[in-house]
Amino acid sequence: MGPSLGVHELLHVFSFLEARDLLRAAQVDKVWNEVSGTKELWRQLCLRRWSSCKDSQVTRGTQTWKQYYLCRSELDFRVESGRPEKDFVCKALAGHKGEIAKLAYISPNEYCFDRREKSVVCTASSDGTVRAWNLHAGMEIWSSPLQPDALVNLVTYPQLQLVVTVDAQGLIKVWEAESGRESASFCLPTHSSALEASDHPEGPFLLAACADGTLYTLTVPGLQVLSRVSVFPNHPASLLCSPDCQWVFTLAQDSDLSPKVFHSHSLLCPLEDEPPVSTALPIGLTSKACWAPDEPARLVVVHRDDSGVQWVVTTYEPGAKKSRDAVSVLVQQIASFNLPDTMMPPHLMKGHGSQVVLLVSGSELVLFTIHGLRLAAFQDHQRPITSLCVDQSRVVTSSFDLSLRVYMWKKGNKFPVLKSCYHLLGGSHRWASGFTQVDSDSMSIVGVEARSAGTSILRSYYFQLRRDLDKEQET
C-alpha cells in the first residue's frame, strides 16, 4: 500500500487514525514516519480530546503538537492513577505562624510542557504575612513584611502576576508576584466581606464588598476608585463575577433580601448622578450560587420557594437591553427544579460545563443537571467536606477527615461522567484537624492542612512526567 500512496493520500488516510495507530505507522519507513508526525494531525487529535486546548499553549512553549499530546496524555493517566511516588510527589510546606485564610494559584493554569512549567501559589495568613510557594520545588519563594493586622482574604491575577490581599481592618494591598514587593494600597471604611478579581476586556478591576453593604470597584494595579455603590445597606455581601466579566452577582449574607445582578460596565464607567445598571432576581432566602464556566453568563442559584419550605435550583441568563437613552437588565429563567426533601441545603456549590452543577451537603457530593436530572452522588469522606475545586478535567474535595478526594471527568453520551479515583492523605491526626481548603492546576493539587496548635501548613501533590522522575532519580 505504501508505494502506491503519495504524501497527500497518506495524510488523508492518517487523519482517521488515533494516536496509538499514528505511532505504529511511524515505524514503517521514513516517509510514513514524517507524514505521521505532521503538525495538523496531532493538532486535531489534541482538539478532539481536549476541547479547551488552545494554540497559544503550544506556540508559547517549545513543544510540538505531538509532544503536547503525549505529555498531556501521560499527565492525565498519572492524575487518574494517583500512585504515591510513582505519579506524584507529596510535600509539606510550613512557614506561616497562624492560620492560612486563603490560597490561590498565581501561575497560569495551562498545560505547557516546555520544561519551564511550575506551579506557584500564594497564601494569606492570620499571622499578617502573604507568601508565595513553588510547589514543584517544595519551597517558599518569598514572604511579605509583617502587616499590622491579620490577613483575611486574597485574590490573584496570573496574567498580570499580581496578588491582592485585604486585612481584618479593610486595608487592601497589591503585591508583585515575582518579588513580593508592595505596589499599591487602599483602605476600605470597614472590614471586607468579599473580594473578587476580574480580567475585563476594558481592563482588569477589583471588586471589594464592605461589611456595611457597600461595593467598591477599583482599578488594578493602582487601586483607584471607579465606583462606590450601596448594594445591601448594613448587610455584608458575597460576590461572583461572570466568566465573560460582563456581570456581577451580589448576595446579602444571612438575609432574605433578593440577590442582585449588576452590569459590570456601569460599575467601571459610572454615569454622574445615576445608579449602576442592575436588577434584583425575583427570589429570596438565597443560599448559594455559581456561574456555569462554559457559558458567557449563565447563573445557577439555590434558594427557597415562595412558601419558604422547599429548596429550589434555578438557572438564569442575564442580558443587557440598550435603548437610545439607557441600558436595562433583562434576566431570563431557563431552568428550575426542586431539591429532594431528603437532601440538606448545600453549603458548597460549583458549576461544570454548561449543564452540570455540583452541590455539597455535609459529606455528600451530588451532581445534577440544571433541569434536575440527578447524575451521581458520592459519599467518599467520613467527615464534612470543607472545600470543592472543579475544573475541566477533575474535581477535588477536602474534608475534616484529613483527606482530599480526587475525581476525573469522563465523556458520556449526553452529559459528562464523574469517576471517583482515590484519596490523597494528609499528615497525622495527632497534629492536624483536617483539610480546610483545596485548589489545583494542571500539574498539582494543594490543600491547607489545619494544625491543632492554631496554625496551618500547605500539603502539595505535584504530578510529574516520566522525564522529570527519571531526572530526579539520576540526581
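Owing to the predicted nature of the structure, the values given are computational and were not obtained by experimental measurement.

1. Section: the UniProt feature "domain: F-box" (unreviewed entry) in the protein
Working step 1: With numbering matched to this structure, UniProt assigns "domain: F-box" (unreviewed entry) to residues 10–48.
Working step 2: Measuring from the first to the last C-alpha atom of residues 10–48 gives 20 Å, for a span that is 74% helix and 0% strand.

2. Topic: unusual backbone geometry
Most peptide bonds take the trans configuration, and most residues that are not glycine carry a negative phi.
Working step 1: Cis geometry is adopted by the peptide bond preceding P221, which originates at V220 and carries an omega value of 15 degrees.
Working step 2: Counting through the fold element by element, P221 comes out in the loop between β12 (214–219) and β13 (225–230).
Working step 3: At Q161, a position not held by glycine, the phi torsion is positive, near 55 degrees.
Working step 4: One can find Q161 in the loop between β6 (151–157) and β7 (162–167).
Working step 5: Even without a glycine there, the phi angle at N234 is positive, about 65 degrees.
Working step 6: Within the secondary structure, N234 is located in the loop between β13 and β14 (237–241).

3. Some points on the confidence of the model for the protein
Working step 1: Mean pLDDT for the protein: 90, with 95% of residues reaching 70 or above.
Working step 2: Low confidence marks residues 469–475, where pLDDT is under 50. Its contacts with residues over four positions away, or in another chain, come to seven contacts.

4. A look at the sheet that holds β7
Working step 1: Ordered by their spatial adjacency, four strands build an open sheet running β6-β7-β8-β9, and the pairing between neighbours is antiparallel. Each having just a single partner strand, β6 and β9 (182–187) make up the two edges of the open sheet. Averaged over all neighbouring strand pairs, the angle between strand axes comes to 20 degrees, with direction disregarded.
Working step 2: As judged from the five bridges shared by strand β8 (residues 171–176) and β9, these two strands associate in the antiparallel manner. By the bridge assignment, V174 is partnered in β9 with A184.

5. Observations concerning the pattern of salt bridges
Working step 1: By the definition in use, this model includes 15 salt bridges.
Working step 2: We note a salt bridge from E40 to R43, for which the minimum N-O separation is 3.3 Å. In this pair, E40 and R43 are both assigned in helix α4 (residues 39–49), three residues apart and thus about one turn of the helix distant.
Working step 3: With a relative accessible area of 39%, E40 lands in the partly exposed category.
Working step 4: Notably, a salt bridge pairs E317 with R298, separated by 2.8 Å at the nearest N-O pair.

6. Here's the deal with the sheet that holds strand β27 (residues 394–399)
Whenever strands of a sheet pair, they do so through backbone hydrogen bonds, lying parallel or antiparallel.
Working step 1: The strand order across the open sheet built from four strands is β26-β27-β28-β29, with neighbouring strands paired in antiparallel fashion. Edge positions in the sheet fall to β26 (385–390) and β29 (417–425), since each has one partner strand and no second. Strand-to-strand twist of the sheet, defined as the mean angle between neighbouring strand axes without regard to direction, takes the value 20 degrees.
Working step 2: Of the pairings in the sheet, the one linking β26 to β27 comprises five bridges and is antiparallel in character. Counterpart to L388 in the pairing with β27 is T397.
Working step 3: Packed on one face of the sheet, helix α6 (residues 65–81) meets β27, β28 (403–410) and β29 and runs near 65 degrees to β29.

Rules used in this analysis
Residues numbered from 1 in each chain as written. Predicted model: local features only at pLDDT ≥ 70, side-chain atom pairs only at ≥ 80, totals over all residues. Heavy atoms only, no water. UniProt positions renumbered as here; feature names shortened; annotations may be inferred. Helix = DSSP H or I, 4+ residues; strand = E, 2+ residues; numbered from the N terminus. pLDDT = per-residue confidence, 0-100. Contact = heavy atoms within 4.5 Å. Pairing = 2+ DSSP bridges. Axes fitted to C-alpha atoms, helices over the stretch in contact; angles between N-to-C directions. Salt bridge = Lys/Arg side-chain N within 4 Å of Asp/Glu carboxyl O. Buried < 20%, exposed > 50% of the residue type's maximum accessible area, 1.4 Å probe, protein only.

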